[in-house]
Amino acid sequence: MDSPSACYDLPEAAQSALFRLAAEYNQRAAQRIIHALQRRPSSGIFGDDYNHKSLWDEFCHDAQNGPHFDDGDPWDSILDAFLLKEVERLTAAEFEALWLAAIPDVDDLSTACRDAGVIKEEFRSALLQRAGERNLERFEVW
């Protein structure tokens, strides 16, 4: 009879754990950004057609119905500070783990640039996913 360790693929288990950890961090960062956006009043960018109360409401609207802006995306400048703050919260080990989970294939991990932008994009993707799933019917004015 095979021992339990003979059936256990450590590299595969470690990779799976790394991806689960990254997904958890991405969701935590998204939740903190959502909370910050909920605490800021709406800009009124969508006029009187909607009863948006916060920037989060407007972000969700834009994520589901946009893009609404031809000349750049104002959300880039609004979100950048929040995303950067979340990256700066990470310890060196957390940064490395999230970077490893997010990077595409590279030739040499030891020389690949540890770019915070990769992690910021993962956080933004988690935020966009949450915004896209939100029910916005209550904000419509009929």
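See the structure shown above.
Let us look at the structure shown here.

How each quantity is defined
- Residues numbered from 1 in each chain as written.
- Predicted model: local features only at pLDDT ≥ 70, side-chain atom pairs only at ≥ 80, totals over all residues.
- Heavy atoms only, no water.
- Buried < 20%, exposed > 50% of the residue type's maximum accessible area, 1.4 Å probe, protein only.
- Helix = DSSP H or I, 4+ residues; strand = E, 2+ residues; numbered from the N terminus.
- Contact = heavy atoms within 4.5 Å.
- Polar contact = N/O pair within 3.5 Å; in protein donor to acceptor, adjacent residues only side chain to side chain.

1. What to know about helix α4 (residues 92-102)
Then, in step 1: Turning to α4, its buried residues are F95, A97, L98, W99 and A102.
Then, in step 2: Packed against the buried residues of α4 are α1 (10-38), α3 (74-89) and α5 (116-133).

2. Overview of helix α2 (residues 55-65)
Then, in step 1: Across the 11 residues of α2, 8 count as buried, placing the element largely inside the fold.
Then, in step 2: Within the sequence span of α2, burial applies to L55, W56, D57, E58, F59, C60, H61 and D62.

3. Brief notes about the side chain of K120
Then, in step 1: Assignment of secondary structure puts K120 in helix α5.
Then, in step 2: Only 2.5 Å separates the side chain of K120 from the side chain of D80, close enough to count as a polar contact.
Then, in step 3: When residues no more than four places from it in sequence are discounted, the contact partners of K120 are D80, L83, L84 and V87.

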